[in-house]
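A closer look at the structure
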Amino acid sequence: MIQKDLYKTLDMACEKQIDERSVQRIKNQYLVDMLSGLETNSGVASFLGNREVYYGDYNFYKKEIGIYNSVTVTELKAACEKYLKKENSIFLSIWNKN
Amino acid sequence: MKYILLTFIICANLFASNYLDENLKKYKWGDLEVVWLEDSTFPTYDITVYFNDGALSESSHGTTQLMFDELTSGTTRYSRKEILDVLEFYGASYGANVTHEYSTFSLSGLVKDIEPSLKMVCHLFKSTTYPIKEINKTKARARTGLKNLVNNHGALASRIFRELSLKETPYSNPVGGSLSTLNKISAKDLHTRLLEFNQKIKKKIYIKAPAGTKGIKNIIAKDCGWDGKKATVSVELPKVKKKSSKKDKIYFVSVPNANQAQIRIGTYLNSEQSGKDYTLNELASRYIGGGFTSVLMQELRVKRGLTYSAGAYASSQSSYGRVGINTFTKNETIVETLQVIKEVIEKQTKDIPVESFSYLKNFLKGTYLFGLESSSAFIKNLLFFDHIGRDYDEIYAFPKEVDSVTIDQAKNKIAELFDWSTQTKLVLGDKKLIKVLKKAGYSVEVVKYNKFL
């Protein structure tokens, strides 16, 4: 039952849940998270280190915000439909048999 | 030339300013005190409202906490879903902290979105209606959480220990309330409490944001209606007197399915003790149980394998403080662990090696500064200093203060804070341990955990 509901919600999510407001919400939240992570020396080190490791350039953050800001509703819907598909998923549930 | 240069260096050091000197501004917005840390490093803001009242003055325990927690339950204009949608949209973080002595409400987010976020928070303070349906759901969740505490032995031990160790003071009850007190709290009680906080209780605003961030002053005055003119009430904090001797009595709490015993040992600081020796208290408690190299960790875990972790603390509020040791062990080693803790404390009152004392000082100076890195932590520190009447300059004096502490002072402080005869001792675990503890010579008083839920 839960599995059925979950997949039903997932099916509708890409089409119905992604709109201009929800994309802007994610952009706001991403920016807040990124800036709050930079408040400590440890946070700055992780931030720069991650950019160097994943993108080969610790300066990548200068382009990064622009990339996030340029993401459109259409692009996000396309990515959602590509990855959040029932065929790509594994359903795992852990039960207490009693 | 040499002397001119030397004079210049000395003068430069004398007049060198620090981060606070450069960035801290104090304002009066009407009669409302404002502390503003002007920092343009990031386009973000942190606002914390200090209320000079906490859980101590409430008629039913848990009312103040629930009043803050349910600020988003619904207003005259918006449902809970709509409120959360607005605040989440702007990426705003918010939350309250209630202590017995004072309460705070904090909001943070992006400067570009400060106006709609802050206006929403002001709307919540003015217009939350505490819909009965929402409040009942929250109370039901809180009751379930309390009943489930029996499965979280560490949290249950700490909850019961607070009540028992502070029972001679007015600060013993948990600020979140209990099963019986939560039942008594109605939506009307929450609304009445909110009105008191909004209209009567004295407030102070702490801000960290770029200089000149627009809108805050106007929104606080017009939308929140806080100008400090009428809201002047401060809670009266009763003084806490000297504690009595506990001898070798142990409170024992029996819980089902316990293969480990939780240990809590500690006491309270009276008003006189809590208002002085902040650095010395910190140093003494960290030496006993702050980090992996502390004496308790070394003696209990490294040398004897009696536990995975052990910690000690000494914290001060305005009118009382708490000192304590937390650890746990296997059922089989409960007596040995208690004995080792007692011996470790006694030993430190007589002998502290110079080398480990020096390590501790460096550790303390380093961790203190790292603890002030985030803006919210820094603001909370300023707020707490104001609450307990400490000067902001003490932040910068801390390393020197630490360096000035002598080994004899630390030994005497450990003896004063952790004196075995004044500590309340609690063990939570399997009931078979009652017999074991009695056999070891302890006087055991059995308490039922459900009386503390």
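Let us look at the structure shown here. (Residues numbered from 1 in each chain as written. Chains lettered and ligands numbered in written order. Predicted model: local features only at pLDDT ≥ 70, side-chain atom pairs only at ≥ 80, totals over all residues.)

A word on the overall build of chain B
The helix and strand tally for chain B stands at 19 helices and 12 strands. A globule of 453 residues ought to have a C-alpha radius of gyration of about 22 Å, and chain B, at 24 Å, matches this closely. Overall, chain B is about 80 × 65 × 35 Å in size when its C-alpha atoms are taken along their principal axes. By residue count, 37% of the 453 residues in chain B fall in the buried class. (Helix = DSSP H or I, 4+ residues; strand = E, 2+ residues; numbered from the N terminus. Rg over C-alpha atoms; globule rule 2.2 N^0.38 Å. Buried ≥ 20, exposed ≤ 12 C-beta atoms within 10 Å, placed from the backbone.)

What about the overall build of chain A?
Counting secondary structure elements, chain A contains five helices and zero strands. In terms of overall dimensions, chain A is more spread out than a globule: its C-alpha atoms have a radius of gyration of 18 Å, far above the 13 Å expected for 98 residues. The dimensions of chain A, computed from C-alpha atoms along their principal axes, are 50 × 40 × 25 Å. Relative to its full complement of 98 residues, chain A shows a buried share of 4%. Considering only contacts within chain A whose residues lie at least 6 apart along the sequence, 68% involve residues at least 24 apart. (Contact = placed C-beta atoms within 7 Å.)

With respect to the sheet that holds strand β12 (residues 443-447) of chain B
Residues and elements named next belong to chain B. An order of β9-β10-β8-β11-β7-β12 is seen for the six strands of this open sheet, with the pairing classed as mixed. Looking along the sheet, the strands with just one partner apiece sit at the ends: β9 (310-316) and β12. With direction set aside, neighbouring strand axes in the sheet form an average angle of 20°. With 10 bridges connecting them, strand β8 (residues 260-269) and strand β10 (residues 321-330) associate as antiparallel partners. Bridge pairing in β10 links Gln-262 to Phe-328. On top of the sheet, helix α12 (residues 278-289) reaches β9 and β10; it is set at about 170° to β9, its chief contact. (Pairing = 2+ DSSP bridges. Axes fitted to C-alpha atoms, helices over the stretch in contact; angles between N-to-C directions.)

Comments concerning the sheet that holds strand β4 (residues 93-98) of chain B
Residues and elements named next belong to chain B. Read across the open sheet, the six strands follow the order β1-β2-β6-β3-β5-β4; overall the sheet is mixed. Each edge of the sheet is formed by a strand with only one pairing partner; in this case those strands are β1 (24-29) and β4. Ignoring which end each strand starts from, the neighbouring axes of this sheet average 15° apart. By the bridge criterion, six bridges tie β1 to strand β2 (residues 32-38) in an arrangement that is antiparallel. Bridging from a neighbouring strand, Tyr-27 pairs with Val-34 of β2.

A look at the interface of chain A and chain B
Chain A puts 11 residues into the contact, and the matching count from chain B is 12 residues. The element contributing the most residues to the side of chain A that touches chain B is helix α2 (residues 20-36) of chain A, with seven residues. Its residues assigned to classes, the side of chain A that touches chain B shows four nonpolar, four polar and three charged. (Nonpolar A, V, L, I, M, F, W, Y, C, P; charged D, E, K, R; others polar.)

A closer look at the packing of α12(B) against helix α18 (residues 407-417) of chain B
All names here are of chain B. Orientation of α12 relative to α18, taken along the N-to-C sense of each, is 80°, at an axis distance of 9 Å. It follows from the interaxial angle that α12 and α18 lie roughly perpendicular. Of α18, the residues touching α12 (which contributes Leu-280, Asn-281, Leu-283, Ala-284, Ser-285, Tyr-287 and Ile-288) are Gln-409, Ala-410, Lys-413, Ile-414 and Leu-417. Per-class residue counts for the contact of α12 with α18 are eight nonpolar, three polar and one charged. (Parallel < 35°, antiparallel > 145°, perpendicular 65-115°, else oblique.)

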